[in-house]
Protein chains: 2
Amino acid sequence: MQIDPGLFQENERTQPTVLGRQSLSIGPLDLESGARLEDVVVAYETWGTLSPARDNAILVCHALTGDSHAIGWWSRLVGPGKPIDTDRHYVVCANVLGGCQGSTGPASLASDGKPYGSRFPIITVGDMVNAQKRLIDHLGIPCLLAIAGGSMGGMLALDWTVRYPGSVRKAFITASGAAHSAMQIGFNEAARQAIMRDAKWLGGDYPLDEGPEGGLAVARMIGHLSFLCEEAFTAKFGRRLQGKSHYEYHTGVEFEVESYLNYQGDKFTKRFDANSLIVVTRAIDYFDLKTLKRSTTEYLFVSYTTDWLYPTHQSVELNAMAITAGCRSSHVEIDLPFGHDAFLLDADVQGPELCALLARE
Amino acid sequence: MQIDPGLFQENERTQPTVLGRQSLSIGPLDLESGARLEDVVVAYETWGTLSPARDNAILVCHALTGDSHAIGWWSRLVGPGKPIDTDRHYVVCANVLGGCQGSTGPASLASDGKPYGSRFPIITVGDMVNAQKRLIDHLGIPCLLAIAGGSMGGMLALDWTVRYPGSVRKAFITASGAAHSAMQIGFNEAARQAIMRDAKWLGGDYPLDEGPEGGLAVARMIGHLSFLCEEAFTAKFGRRLQGKSHYEYHTGVEFEVESYLNYQGDKFTKRFDANSLIVVTRAIDYFDLKTLKRSTTEYLFVSYTTDWLYPTHQSVELNAMAITAGCRSSHVEIDLPFGHDAFLLDADVQGPELCALLARE
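All of these numbers come straight from a predicted model, not from anything done at the bench. (Residues numbered from 1 in each chain as written. Chains lettered and ligands numbered in written order. Predicted model: local features only at pLDDT ≥ 70, side-chain atom pairs only at ≥ 80, totals over all residues. Heavy atoms only, no water.)

Q: Can you walk me through the overall build of chain A in this structure?
A: Within chain A, the regular secondary structure consists of 13 helices and 10 strands. Radius of gyration (C-alpha) of chain A: 21 Å, near the 21 Å computed for a compact globule of 361 residues. On the principal axes, the C-alpha backbone points of chain A span a range of 75 × 50 × 40 Å. Sorting the 361 residues of chain A into buried and exposed places 62% on the buried side. Considering only intrachain contacts with a sequence separation of at least 6, the fraction spanning at least 24 residues in chain A is 73%. With 31 positive and 42 negative side-chain charges, chain A shows a spacing of 2 Å between the two charge centroids. (Helix = DSSP H or I, 4+ residues; strand = E, 2+ residues; numbered from the N terminus. Rg over C-alpha atoms; globule rule 2.2 N^0.38 Å. Buried < 20%, exposed > 50% of the residue type's maximum accessible area, 1.4 Å probe, protein only. Contact = heavy atoms within 4.5 Å. Lys, Arg positive; Asp, Glu negative; His and termini not counted. Charge placed at Lys NZ, Arg CZ, Asp CG, Glu CD.)

Here is the structure:
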């Protein structure tokens, strides 16, 4: 058997201990808005080996503030021996266009050597998917065995299946929806306003080392409020005070839940760009999938009883949309008290369901 | 029959067209924190006439950002011929201590002629009730026929019944709870942080004409997100665009729901003080009613199926607490798609229930 040198090279690149995050220049990208981005870079990671038949590739799509390191943030489902099995599958995960974890986004340097800032165009989920498609083409994958994503990642997965029909055999879509409700847009808008009403936002053209950190932290707190649910908050924190036995009657931290939210907010400002949050929330607010009729994909939709941000009825609607389109499709609702975060935490139910999806002929 | 001159004077003062909002100086107030406030003022309104037997008074308690004008914000339940009937009852409503609609709060001028700002002490629901008790004593009401309140107002009503047992015959408590869950504290903390992380907050000592308006507007948006529910947001706004038929791909308003939230946020900064929001949210986060066992009040608790901020189980718990304490008590859950706001909007079910409560011997 003769080894394809290109493939061999590709395989060598997939050793995570050696290579970690890689970057691919995909050239200019025409956007759905009519704008054009020059010199777009996609940051990505791969694990495992593309089979000679090139039929074992799985693309993992991250959620709002995620990155290409799927074996980190989705370690319950992605890794050696996991449902998305890096020993058997060729697993690819890319940071989205507009993000700030290696792919081109508002904090990237434009051709003048300064951050795009306010010059970064508003993008769509479709634009993100078009960028990913160039990466998948570059990696030599003619058809994905599967695409998997939760929340925003689920929207990318859905878009893939209608934008590039025939390119995705199976789709695992968890805690997601076909289009944001007014409430979901509302939470995103409050987060955007927290940033844009911070005086340090400067219309988007802040210095990267002195951005609207206060507003960005508040935006993240709003996010965390929507990621959990009452039960999860009660189980994690109850009314416990933070390192004290009595109220101290001041405006600082009194309750553990306050400490948690402030910690999450502050931590977020160290790893995420404010303009990126504006751009990616805008993209998912725009997303409005009307039909799956071009799709040839088999779908598995998962939702959670306590996820009020992406409630079950949105997955029920997606499943109906897939069946109407003539696709094989199923929906599983999982009863767990973790709110929207459940899609990152649950492997006990999601795991076997995902394995069954991938195993089906 | 000889007319009590004091009573007559009181009755004359209750003509709303003549007097509107009044102020009562209640002197110094010792607070639960151990601090003391000098020269406390309570702003209030009254409607109707105190009966000779002084047994027809109803105290109405407003929610977080309300004021003494109950016939305005609760016009569905309070007014001539309404369940709380200003033709038959002597209706009293007072702005809470710590508020900014006439009662002493952080924006009030301290003895040095400057706003309290950061010098305003942290207060509790009990402090608010103690201030109200002085007003009720001043008005010559030995025992309230009833106390009525929703949300934060329900907490004041509950506190009244155990702090001043024998002073309240009936309590109508809607969309409220015995203690905030971690989630409820979390929403309040995000709102507080939106204010306190605004550079213009200045530790609480901002000029009143140039306060942390950006943060305050965001705090209000967070509030509105919690006052509605997914169904209400969808019914009001859906995914309708704001005065356009296509996306315009910018960071300004695209969707109607965004316009609504920004409008509500901006409007709020014209009528409410940022420090007041910090103080009153803190007070209700502290509130933690453990028992009603000292109470002699008859309770009616109301909750709403779609109110996820003060969910039904909190009213179920309150009803059980009242029954355990040997009080007459009932709980009604109302199925309406308005979220927490339902307590302000519903008269069809709340009205008859409230009338029945007031009519029972």
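After that view, the rundown keeps rolling.
Q: Explanation requested: the domain arrangement of chain A in the structure shown.
A: All names here are of chain A. Parsing chain A into structural domains produces domain 1 (10-181 + 288-359) and domain 2 (184-281). Of note, the centres of domain 1 and domain 2, computed from C-alpha atoms alone, are 26 Å apart. Per-residue buried area on domain 1 facing domain 2 is highest for Leu64, Thr65 and Trp308; these three make up 24% of the total on that side. Put simply, domain 1 and domain 2 have zero salt bridges between them. If you look at where domain 1 meets domain 2, you find 13 residue pairs in polar contact (both at pLDDT 80 or more). When the residues that make up the side of domain 1 that touches domain 2 are grouped by side-chain class, the tally is 17 nonpolar, 12 polar and one charged. (Domains from an automatic or database assignment. Buried area = accessible area lost by both parts, 1.4 Å probe. Salt bridge = Lys/Arg side-chain N within 4 Å of Asp/Glu carboxyl O. Polar contact = N/O pair within 3.5 Å; in protein donor to acceptor, adjacent residues only side chain to side chain. Nonpolar A, V, L, I, M, F, W, Y, C, P; charged D, E, K, R; others polar.)

Q: I tried to follow the interface of chain A and chain B on my own but got confused; where do I start?
A: In many reports, interface size means the accessible area that the parts give up when they come together. Taken together, the contact between chain A and chain B spans 55 residues of the former and 56 residues of the latter. Taking both partners together, chain A and chain B bury about 4500 Å²; carbon and sulfur atoms supply 64% of that area. One can count eight salt bridges joining chain A with chain B. Here B:Glu258 and A:Arg282 are joined by a salt bridge, their closest N and O atoms 2.5 Å apart. Among the elements that line the side of chain A that touches chain B, the one with the most residues is helix α6 (residues 182-196) of chain A, at 11 residues. Within the side of chain A that touches chain B, the residues separate by chemical class into 28 nonpolar, 15 polar and 12 charged.

Q: Explain the environment of A:Asp198 to me, please; I cannot follow it from the model alone.
A: Residue and element names in this part refer to chain A. Here Asp198 shows up in the loop between α6 and α7 (213-227). Overall, Asp198 belongs to the buried group, its relative accessible area being 14%. C-alpha of Asp198 to C-alpha of Gly211: the two residues are 13 residues apart in sequence and 9.1 Å apart in space. Excluding residues that lie within four positions of it along the chain, Asp198 makes contacts with Pro212, Glu213, Gly214 and Gly215. Engagement of the side chain of Asp198 in a polar contact is seen with the backbone nitrogen of Gly215, the distance being 3.0 Å.

Q: Mind showing me how you'd approach helix α9 (residues 256-271) of chain B here?
A: In an α-helix, one turn spans 3.6 residues; hence positions three or four apart end up facing the same way. Taking 1.5 Å per residue as the helical rise, α9(B) with its 16 residues ought to reach 22 Å, and the 23 Å between its terminal C-alpha atoms agrees with that figure. Listed as buried for α9(B) are B:Val257, B:Glu258, B:Tyr260, B:Leu261, B:Asn262, B:Gln264, B:Gly265, B:Phe268 and B:Thr269. Next to the buried residues of α9(B) lie α6 and α10 (274-286) of chain A together with α7 (213-227), α8 (230-236) and α10 (274-286) of chain B. (Expected span 1.5 Å × (residues − 1).)

Q: So what exactly am I meant to see when it comes to unusual backbone geometry here?
A: Of all residues except glycine, most have a negative phi; of all peptide bonds, most are trans. We note that B:Ser151 has phi near 55 degrees; this positive angle belongs to a residue other than glycine. Within the element layout of this structure, B:Ser151 appears in the loop between β7 (144-150) and α5 (152-163).

Q: What's the story with the sheet that holds strand β6 (residues 90-94) of chain B in this structure? I'm lost.
A: As a general point, the strands of a sheet are linked pairwise by backbone hydrogen bonds and lie either parallel or antiparallel. All names here are of chain B. With respect to topology, eight strands assemble into an open sheet ordered β1-β2-β6-β3-β7-β8-β9-β10, the strand pairing being mixed. The open sheet has two free edges, formed respectively by β1 (22-30) and β10 (329-334), since each of these has just one partner strand. Adjacent strand axes in the sheet meet at a mean angle of 20 degrees when their direction is disregarded. Strand direction decides the pairing type here: strand β3 (residues 57-61) and β6, joined by four bridges, are parallel. Bridge pairing in β6 links Leu59 to Val92. (Pairing = 2+ DSSP bridges. Axes fitted to C-alpha atoms, helices over the stretch in contact; angles between N-to-C directions.)

Q: Got a minute to help me understand the pairing of strand β9 (residues 298-304) of chain A in this structure?
A: When a strand is regular, its side chains alternate between the sheet's two faces. All names here are of chain A. Within β9, seven of the seven residues are buried, which leaves it mostly tucked inside the rest of the structure. Alternating positions in β9 separate into two faces, Glu298, Leu300, Val302 and Tyr304 on one and Tyr299, Phe301 and Ser303 on the other, with burial throughout. For strand β8 (residues 168-174) and β9, the ladder comprises five bridges, and the chain directions are parallel. By the bridge assignment for β9, Ala171 is matched with Tyr299. Direction of pairing for β9 relative to strand β10 (residues 329-334): parallel, over a ladder of six bridges. In the strand pairing of β10, Val302 is matched with Val332. Following the chain from β9 across helix α11 (residues 312-324) to the adjacent parallel β10, one finds a crossover that is right-handed. (Right-handed = clockwise from strand over helix to strand, strands pointing away.)

Q: What is the right way to read the relation of the copies chain A and chain B from this model?
A: Both copies of the chain are related by a screw-like operation: a rotation about an axis and a shift along it. Mapping chain A onto chain B calls for a rotation angle of 180 degrees and an axial translation of 0.0 Å; the resulting RMSD is 0.0 Å. Viewed as a symmetry operation, the transformation between the two copies matches a two-fold axis. Most of the interface of chain A is mirrored in chain B: 100% of its interface residues are interface residues there too. (Least-squares fit on C-alpha atoms with pLDDT ≥ 70 in both.)

Q: Sorry, what's going on with the packing of α7(B) against α9(B) here?
A: Two quantities define a packed helix pair, namely the angle between the axes and the distance from one axis to the other. Residue and element names in this part refer to chain B. Direction vectors running N to C along α7 and α9 enclose 125 degrees, while the axes themselves pass 8 Å from each other. Judged on the interaxial angle alone, α9 and α7 are oblique. Along this stretch, α7 crosses α9, giving a crossing that reads as right-handed. Contacts between α7 and α9 involve Glu213, Leu216, Ala217, Arg220, Met221, His224 and Leu225 from the former and Tyr260, Leu261, Asn262, Gln264, Gly265, Asp266, Phe268, Thr269 and Arg271 from the latter. When grouped by side-chain class, the residues that make up the contact of α7 with α9 number seven nonpolar, five polar and four charged. (Parallel < 35°, antiparallel > 145°, perpendicular 65-115°, else oblique. Left-handed = near helix turned anticlockwise from the far one by under 90°.)

Q: What is the right way to look at the side chain of B:Asp341 in this model?
A: Mapped onto the fold, B:Asp341 is located in the loop between β10 and α12 (342-345). Nearest to the buried, unbridged B:Asp341 among oppositely charged side chains is B:Lys236, at 6.1 Å.

Q: Looking at this structure, how should I read the pattern of salt bridges?
A: The full count for this structure, using the stated rule, is 42 salt bridges over all chains. Here A:Asp137 makes a salt bridge to A:Lys133, at a shortest N to O gap of 2.9 Å. Separated by four residues within a single helix, A:Asp137 and A:Lys133 lie in helix α4 (residues 125-138), roughly one turn from each other. With relative accessibility at 44%, the residue A:Asp137 sits in the partly exposed group. Linked by salt bridges that have partners in common, A:Glu189, A:Arg192, A:Arg282, A:Asp285 and B:Glu258 make up one network.

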